[in-house]
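# Analysis of the macromolecular model
Here are the chains, one letter per residue:
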Amino acid sequence: MHVTSPAFKANAARALADTGLQKALSRSGPSAHAKRSRAVAALPEFERLRETGRDIKNHTLANLDFYLEAYAAKVEAAGGHVHWCSTAEEARAAVLEICRKAGARTVTKGKSMISEELGINDHLEANGIEPVETDLGEYILQLRKEPPSHIIGPAFHLNREDWEDTFRKSHIDLPFDRSFAQRRDILEEARGRLRARFLAADVGITGANFLIAETGSSVIVTNEGNGDLTQTLPRVHIALASIEKVVPTLEDCTSLLRLLARSATGQDFSVYTTFSTGVRRQGDLDGPEEYHVVLVDNGRSNMVGTEFQDMLRCIRCAACMNHCPVYGVTGGHAYGWVYPGPMGSVLTPALVGVDKAGHLPNASTFCGRCESVCPVKIPLPKLMRHWREREFERHLTPPTQRRALRLWAWLARRPEAYRLAMRLGIGALARFGRGKGAFTKLPGAGGWTEGRDLPAPEPGGTFMDRYQRQQRGRRA
Amino acid sequence: MSREAILGGIRRGLKRGELPADQQAMLRHRLESHPRHLIPARSRLPHDGQVALFIARVEAEFGTVERVPDAAQVPAALMDYLAGQNLGPRFVMAPHPELEGLPWADHPLLMVERRRAEGTDQVSLQHGYAGIAETGTLMLPAAPGRPTTLNLLPETEVVVLHADRVVGAYEEAWDLLRAENRDALTGGFMPRNVMLVTGPSRSADIEQTLELGAHGPRRLHVILVG
Ligand code: SF4
């Protein structure tokens, strides 16, 4: 997927002016909050489980090499193949080769963010193989040729009119004047279209929420059942997974599953949580005859041992974006790549480079809501701050901003000079602002005053001046 | 090879080489003993309470439950359910010995086929392996007698589950599988596929509004025996 993160500011401005998007966002945000809080309130152990979740992931990451090797050995014992891929190109090539060997013409797909990250669909299409997205949200996005805007609700930015419109334009063999009076009608039409595709596909590609070292299983979590049809019906199943998805045991996975659905959709448990282990067994009446895991690094091993290792705990629940005030007004597309919201602001620079995505960690108010809802306690604001520091160190911030920051740093280290500068500045502001109460415009601070007013300082000097006067008064 | 590159990259990040043998042995012990973590108090109940919780949770997730005192009543209960839902008498049944052994001959109106499911099947009858009270979840491990397609393709799935197979937490269901299942291919206990099913299929992709029956069954009915 093409990275447009450098244009975050322009993307965000466009998003704010998009009335359809604003309507969708004003619906999805509050509903997601309410659902999560209800589920969390119903489980008194939730906070303690977050600590457990964090500890399980930390333990795994500290021994990631061991658990990956243990996992791979179990997959192979169950007749599966593990394809280790360092880069996106290697992963795309591995998927294509499996599909070619299977003689595949169409490939069904369960929702997978790693597939978006790797650009699997474009690669298959360019090589004459048709990928069919089967998650309802992904399906309409494929028809509209749009990327997902949210990691669990890819089409949250669309309104019902968009669904109707797209279906009328795409399913042209159906009567144009058919009714979509109920949401159900939209769902039924998609179900009917996709049923045939499920049954005809030669290969099914899913993602994985977890990989289990104890058993060599890949785990998917869905509500629709599309992921299960994708991995059960075709002769070949490919699971795409990044290296940090591995956990040691079923018990570890189970504890994380208790957090996942509650944090993601506010359900106690998703409808289908499915553990796939190897190939169809003797006597089984269904299931794939080939099972492949494409195990992808694509920049993650570089995060191990750095301040960004914490980010590898992420279980992709989307709670951080659902609770982010910036995401809540810009939506996901503004972030310009696969992963939006706070988790995207931390992960994207790590995967595509801080030069391309350095703006994203600035798209934060540092309100801390993301960290407070994250089921594995990732310190997202702190990690965004680390990126800002790196961005500054690598001279990626604009020159005026750099000069201003350098001047501030120089002053901050020299208390006398700092106080003098403050005294001059505040005095000037107080003189200009006398009788106004607040500034609606200030030279050099247009970006700040555009959305709010700056209160004019009261006459009487800086805080330090007043404090010293008060202290002197007391002593006297 | 990329395997070495990835493992090497991880080890460089962790500032160590391959783990020493004693630490590997400790981790292997953790895998083999698979210690449990915190289990929520919600399901720490006597068995009756767990069964009641299971039923309440299935219903809260838009499933339905009917309890029959013994297995011989399952065919009649199925017939009543199908009639009540205006569904025909035809269904595809998991070729599981426990289901095969039910008195189908007493109900000649029911049209049963014992096989995996196909795209046009309307109703399936599945064998339930275990029920998990915590969230009203059915554990359905794949086996020759429990095809996965029965859980996915028909519009209506009916699951026969013995009440004594209801446990409190997921961990207890995993332990049942560990104790009872032998996989001929791996020598382990995991079959090719284990589905944990909580209610009928649904989607909230259209304006975050819940609709039942996305790609999987729209109805999930549990006949609880005993
Ligand atoms: S960072 Fe935390 S809250 Fe955000 S998606 Fe990942 S696990 Fe969920």
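Just so it is clear, the structure is predicted and the values come from calculations on it, not from any experiment.

A separate point is the overall build of chain B. When helices and strands are counted, chain B shows 6 helices and 12 strands. Over its C-alpha atoms, taken along the principal directions, chain B stretches across nearly 70 × 40 × 40 Å. With 226 residues in all, chain B has 58% of them scored as buried. Relative to all contacts within chain B whose residues are 6 or more apart in sequence, the contacts with residues 24 or more apart total 69%. Computed over 24 positive and 28 negative side-chain charges, the separation of the two mean positions in chain B equals 9 Å.

With that settled, the discussion passes to the overall build of chain A. Scanning chain A for helices and strands turns up 22 helices and 12 strands. Each principal axis of the C-alpha atoms in chain A carries an extent, and together these give about 95 × 60 × 45 Å. By residue count, 57% of the 476 residues in chain A fall in the buried class. Sequence separation of at least 24 residues holds for 71% of the intrachain contacts in chain A that already meet a minimum separation of 6. Of the roughly 19,400 Å² of accessible surface on chain A, a fraction of 54% belongs to carbon and sulfur atoms. Averaged over its 64 positive side-chain charges, chain A has a centre that lies 11 Å from the centre of its 54 negative ones.

This part takes up the domain arrangement of chain B. With domains assigned, chain B is organised as domain 1 (1–35) and domain 2 (42–225). Taken over C-alpha atoms, the centre of domain 1 of chain B sits 40 Å from the centre of domain 2 of chain B.

For the rest of this paragraph, the subject is the site of the ligand. Around the ligand sit Cys314(A), Ile315(A), Arg316(A), Cys317(A), Ala318(A), Cys320(A), Met343(A), Cys374(A), Pro375(A), Val376(A), Ile378(A) and Leu380(A), and those are all the residues in its vicinity. Its residues placed into classes, the shell around the ligand shows 11 nonpolar, no polar and 1 charged.

Quick look at the interface of chain A and chain B now. Each partner contributes residues to the interface: chain A has 102 residues there, and chain B has 84 residues. At the surface where chain A touches chain B, the tally comes to 17 salt bridges. At the junction of chain A with chain B, the criterion picks out 47 residue pairs in polar contact (both at pLDDT 80 or more). Across 5 bridges, the pairing between strand 9 (residues 272–276) of chain A and strand 9 (residues 193–197) of chain B is antiparallel.

Below, the discussion takes up the pairing of strand 12 (residues 219–225) of chain B. Residue and element names in this part refer to chain B. Counting buried positions over the 7 residues of strand 12 gives 6, a clear majority of the element. Where strand 1 (residues 64–68) and strand 12 come together, 5 bridges link them in parallel fashion. Among the inter-strand pairings, Arg67 is bridged to a residue of strand 12, identified as Leu224. Across 7 bridges, strand 7 (residues 156–162) lies against strand 12 in parallel orientation. Across the sheet, Leu161 pairs through a bridge with Leu224, a residue of strand 12.

When pLDDT is averaged along chain B, the result is 97, and 100% of the positions lie at 70 or above. In the predicted complex, the global pTM is 0.90; the interface-specific ipTM is 0.97.

Quick look at helix 10 (residues 183–200) of chain A now. Here helix 10 of chain A is 18 residues long and its end C-alpha atoms lie 27 Å apart, about the 26 Å a rise of 1.5 Å per residue gives. Listed as buried for helix 10 of chain A are Arg184(A), Ile186(A), Leu187(A), Glu189(A), Ala190(A), Arg191(A), Leu194(A), Arg195(A) and Phe198(A).

Residue and element names in this part refer to chain A. At a minimum axis distance of 9 Å, the contact between helix 3 (residues 46–62) and helix 12 (residues 250–264) shows a crossing angle of 125°. By the criterion of interaxial angle, the relationship of helix 3 to helix 12 is oblique. As for how helix 3 packs across helix 12, the hand of that crossing is left-handed. Here Phe46, Leu49, Arg50, Thr52, Gly53, Ile56 and Lys57 of helix 3 come into contact with helix 12, specifically with Asp252, Ser255, Leu256, Arg258, Leu259, Arg262 and Ser263. Tallied by class, residues from the contact of helix 3 with helix 12 come to 5 nonpolar, 4 polar and 5 charged.

This part covers the side chain of Glu134(B). Within the secondary structure, Glu134(B) sits in the loop between strand 5 (130–132) and strand 6 (137–141). In this structure, Glu134(B) is in contact with Arg258(A), Pro40(B), Arg42(B), Ser43(B), Leu53(B), Arg57(B), Gly168(B), Ala169(B) and Tyr170(B), ignoring residues within four places of it in sequence.

This part takes up the environment of Gln85(B). Assignment of secondary structure puts Gln85(B) in the loop between helix 4 (74–84) and strand 2 (90–93). Along the chain, Gln85(B) and Pro147(B) lie 62 residues apart, while their C-alpha atoms are 24 Å from each other.

Here we come to the pairing of strand 10 (residues 290–296) of chain A. Residues and elements named next belong to chain A. Burial within strand 10 is extensive, with 6 of its 7 residues counted as buried. The pairing of strand 1 (residues 81–85) with strand 10 spans 5 bridges and is parallel. When the bridges of strand 10 are listed, His81 appears paired with His292. One ladder, built from 7 bridges, connects strand 7 (residues 236–242) with strand 10; its direction is parallel.

So, how was this worked out
Residues numbered from 1 in each chain as written. Chains lettered and ligands numbered in written order. Predicted model: local features only at pLDDT ≥ 70, side-chain atom pairs only at ≥ 80, totals over all residues. Heavy atoms only, no water. Helix = DSSP H or I, 4+ residues; strand = E, 2+ residues; numbered from the N terminus. Buried < 20%, exposed > 50% of the residue type's maximum accessible area, 1.4 Å probe, protein only. Contact = heavy atoms within 4.5 Å. Lys, Arg positive; Asp, Glu negative; His and termini not counted. Charge placed at Lys NZ, Arg CZ, Asp CG, Glu CD. Areas by Shrake-Rupley, 256 points an atom, 1.4 Å probe, with all protein chains shown as cover. Domains from an automatic or database assignment. Near = heavy atom within 4 Å. Nonpolar A, V, L, I, M, F, W, Y, C, P; charged D, E, K, R; others polar. Salt bridge = Lys/Arg side-chain N within 4 Å of Asp/Glu carboxyl O. Polar contact = N/O pair within 3.5 Å; in protein donor to acceptor, adjacent residues only side chain to side chain. Pairing = 2+ DSSP bridges. pLDDT = per-residue confidence, 0-100. Expected span 1.5 Å × (residues − 1). Axes fitted to C-alpha atoms, helices over the stretch in contact; angles between N-to-C directions. Parallel < 35°, antiparallel > 145°, perpendicular 65-115°, else oblique. Left-handed = near helix turned anticlockwise from the far one by under 90°.

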